[in-house]
Amino acid sequence: MLKTLMGSIREYKRSSVLAAIFVTFEVILEVLIPYLMAKIIDVGMAQGSITYTILISLATIVAAFASLYCGASSGKYAANAAAGFAKNLRHDIFYSIQDFSFENIDKFSTSSLVTRLTTDITNIQNAYQMIVRVLVRAPIMLIFALIMAININAKLSLTFAVAIPILFVGLFAIAGNAFPYFRTVFKKYDRLNCVVQENVNAVRVVKAYVREDHEIDKFHGVSKEVYDKFKAAEKIVAFNAPLMQSVMYGAMIVMSLVGGKYIVYGDMLSGELTSLIVYTVMILSSLMMLSMIFVMILMARSSAERVVEVLNEKSTMTSPENAVTSVADGSIEFDNVSFGYSDDENKYVLTDINVKIKSGETIGIIGGTGSSKSSLVQLIPRLYDVKRGSVKVGGVDVRDYDIEALRDQVAMVLQKNVLFSGTIAENIRWGNEKASDEEVQRVCKLAQADSFVQEFPRKYETVLDQGGTNVSGGQKQRLCIARALLKKPKILILDDSTSAVDTKTDSLIRKAFREEIPNTTKLIIAQRVSSVEDADRIIVLDEGRIAGIGTSEELLKTNKIYQEVYYSQMKGAEK
Ligand SMILES: Nc1ncnc2c1ncn2[C@@H]1O[C@H](COP(=O)(O)OP(=O)(O)OP(=O)(O)O)[C@@H](O)[C@H]1O
Ligand SMILES: [Mg+2]
């Protein structure tokens, strides 16, 4: 896990090392200062030597400033290293997500990916900044201060033999008890993000159903859980300060009492006692720092695990070596295809699909909701891989193609389609960045979108809101079709893409397709019989199996499901 994470430090290794080096110097100088001060009191002042006092005082001041400089530099480098590390991590996660197949995306929820990209990375960043400074600082300070203290008075330093273990056990017991709470907090964060995201995305639905109160309750519930966990954790952590202070003051009292006696008997100098007390503070506070960083590392560990999980997630779909890079024609063949979203055979949503589609043919696909229409067509641009059998495009198994080359030729208007924030022209150009204005307009005409675009004051420069909420459902669908057409694909798949378009416009779109792109293979999924009636052939799907294939007339004679759908819809039309 660490190796994967460390891989993202890259160019910030230098800053990390510099931070550690500067902090080492800072600590050494800091530990030196009490020693120098003891010399001023015990030698300079006691012997009345002014030159010695001035000299050592100057040395002390220099050491103090040098330590300040080293501290500031290490802080600067540590912050830079941590921020850079976090930046690299965010990039790496983002790249990994871009490579994800639909199957990978199904595995992680959107909200958890967002938490990983934000909160988790911030945790790692904070922990890293602490690690490069404090994890170097605390042990060095502990050791050096101990050496100095023993050097001054070994007997008195025995106090540490009692104080350190007490503090160590106490602090780590606190940290260990608080950690499980911190860990659960992050799970709750996921949930919090999920609630917020769902709400914001679907704010219109929430309003339409007047569910604001319910949503607020839901949010309060999750928010309170996060609060409760934090409160529980902080309650335990709150014992840190009293524990630390009692041990520290206890040690100081012992030292003052015993040290005072030593001074009276002339076994120790008063300056030495002062510096010994300063070392006590240093030693015990470095222990405190260690315990704090221990909690921080543990907390960051669960964040790190979650980040590494995404980084290590292998895309379930990659282009093969020596991949085929050109698609010969728009023919499609399903050869004994079975498919499911999980490996469990009993849960397959498509079974034994066999069908051959010629290049340039128009195929209608019809079937009840959940009959696996979308699942069937998603196999063609290889959004998912088949479990059994094979799907061939242009005579070649889709798994042998370079994925990009295949998807460039198979344009699919997804059932749950989205437009992005930006102008209409920018959105259409998703299909082909280099397309000229004329081409953009041509595909919009084909998709019957040009006429309404022309009515907007800013025409193709009209800015769409996120998700395309400022155009109607039918207008959005037509823009999505235009976007797909701009790719000049050999195969065009429309998954229920004209459901919100009126029947007249729908038939105009199909007429334009027939006349303008006759050589493109067209697969049209629809709920309305009228949308597929004039197709060359219609596939009737029922519970993941093909229940019939043929022209509308043939199916009307032979296929019961088709008859039912046809007559129920025609009756509605007659009324
Ligand atoms: N990403 C997914 N993960 C798991 N199961 C899925 C997923 N997408 C669809 N399914 C399941 O696969 C089955 C077929 O769904 P599919 O979306 O293909 O039906 P459909 O015919 O397109 O329906 P509709 O007419 O409502 O669009 C359903 O039982 C559905 O629950
Ligand atoms: Mg569907």
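The structure presented is a predicted model; accordingly, all values stated were derived computationally and were not measured. (Residues numbered from 1 in each chain as written. Chains lettered and ligands numbered in written order. Predicted model: local features only at pLDDT ≥ 70, side-chain atom pairs only at ≥ 80, totals over all residues. Heavy atoms only, no water.)

Draft legend 1. Looking closely at the pairing of strand E4 (residues 388-393). Relative to E4, strand E1 (residues 332-339) runs antiparallel, the two being bridged by 5 bridges. Pairing of Glu333 across the sheet is with Lys392, part of E4. Relative to strand E5 (residues 396-397), E4 runs antiparallel, the two being bridged by 2 bridges. Considered in E5, the bridge of Lys392 is made with Asp397. (Pairing = 2+ DSSP bridges. Helix = DSSP H or I, 4+ residues; strand = E, 2+ residues; numbered from the N terminus.)

Draft legend 2. Representation of the site of ligand 1. The immediate surroundings of ligand 1 are formed by 14 residues, with Gly370, Lys373, Ser374, Ser375 and Gln415 found nearest. Take Tyr341: an N or O atom from its side chain is 3.3 Å from a nitrogen atom of ligand 1. Note that an oxygen atom of ligand 1 is positioned 2.7 Å from one of the side-chain N or O atoms of Ser374. The fraction of the free accessible surface of ligand 1 (630 Å²) that becomes covered by protein chains is 61%. Among the residues making up the shell around ligand 1, the classes are represented as 3 nonpolar, 9 polar and 2 charged. (Near = heavy atom within 4 Å. Polar contact = N/O pair within 3.5 Å; in protein donor to acceptor, adjacent residues only side chain to side chain. Areas by Shrake-Rupley, 256 points an atom, 1.4 Å probe, with all protein chains shown as cover. Nonpolar A, V, L, I, M, F, W, Y, C, P; charged D, E, K, R; others polar.)

Draft legend 3. Local environment of helix H3 (residues 50-99). An ideal rise of 1.5 Å per residue puts 74 Å on 50 residues; H3 measures up with 73 Å between its terminal C-alpha atoms. One side-chain oxygen at the N-terminal end of H3 lies 3.3 Å from the backbone nitrogen of Tyr52; it belongs to Ser49. (Expected span 1.5 Å × (residues − 1).)

Draft legend 4. Quick peek at the pattern of salt bridges. Taken as a whole and assessed by the stated rule, the structure comprises 26 salt bridges. Its salt-bridge partner being Glu26, residue Arg137 comes within 3.1 Å of it at the nearest N-O pair. Residue Arg137 is located in helix H5 (residues 110-152), and its partner Glu26 is located in helix H2 (residues 13-47); the two are separated by 111 residues in the primary sequence. Taken as a pair, Arg137 and Glu26 share a single burial class, namely buried. Its salt-bridge partner being Lys218, residue Glu215 comes within 3.3 Å of it at the nearest N-O pair. Placement of both Glu215 and Lys218 in helix H8 (residues 212-237) is noted, with a separation of 3 residues, approximately one turn of the helix. Judged by its relative accessible area of 11%, Glu215 is buried. Classification of Lys218 as partly exposed rests on a relative accessible area of 25%. Look at the salt bridges and you will find they share partners, linking Asp506, Arg510, Arg514, Arg528 and Asp534 into a network. (Salt bridge = Lys/Arg side-chain N within 4 Å of Asp/Glu carboxyl O. Buried < 20%, exposed > 50% of the residue type's maximum accessible area, 1.4 Å probe, protein only.)

Draft legend 5. Main features of the domain arrangement of the chain. Partitioning the chain into domains gives domain 1 (2-312) and domain 2 (332-417 + 492-574). Placing a centre on the C-alpha atoms of domain 1 and another on those of domain 2 gives a separation of 59 Å. (Domains from an automatic or database assignment.)

Draft legend 6. Focus on the sheet that holds E4. Pairing in this open sheet of 4 strands is antiparallel, and the strands run E2-E1-E4-E5 from one edge to the other. In this open sheet, the two strands that pair with only one neighbour each are strand E2 (350-357) and E5.

Draft legend 7. Representation of the packing of aromatic side chains within the structure. Counting across every chain of the model gives 13 aromatic pairs. Geometrically, the ring pair formed by Phe85 and Tyr128 is tilted, given 4.8 Å between the ring centres and 55° between the ring planes. Of the two residues, Phe85 is situated in helix H3 and Tyr128 in helix H5; the sequence distance between them amounts to 43 residues. Grouping residues by exposure puts Phe85 and Tyr128 together as buried. Summarising the aromatic geometry, the rings of Phe420 and Trp430 are spaced 4.2 Å apart at their centres and angled 15° between planes, so their arrangement reads as stacked. (Phe/Tyr/Trp six-rings, centres within 6.5 Å; stacked < 30°, edge-to-face > 60°.)

Draft legend 8. Here's a closer look at the environment of Val324. Along the chain, Val324 turns up in the loop between helix H10 (270-312) and E1. Here Val324 falls in the partly exposed class, since its relative accessible area comes to 27%. Separated by 79 residues in sequence, Val324 and Ile403 place their C-alpha atoms 9.2 Å apart. Leaving out residues up to four positions away in the same chain, Val324 has contacts with Val396, Asp400, Tyr401, Asp402 and Ala405. (Contact = heavy atoms within 4.5 Å.)

Draft legend 9. Quick look at a nonpolar patch on the surface. There is a patch of nonpolar side chains on the surface, built from Ile50, Ile54, Leu58, Ile61, Phe65 and Leu68 and spanning about 660 Å² of accessible area. Examined against the element boundaries, Ile54 turns out to sit in helix H3. In this structure Ile54 comes out as partly exposed when scored by relative accessible area, which is 47%. (Patch = residues over 30% accessible without salt bridge, like charges linked within 9 Å, V, L, I, M, F, W, Y side chains within 5 Å.)

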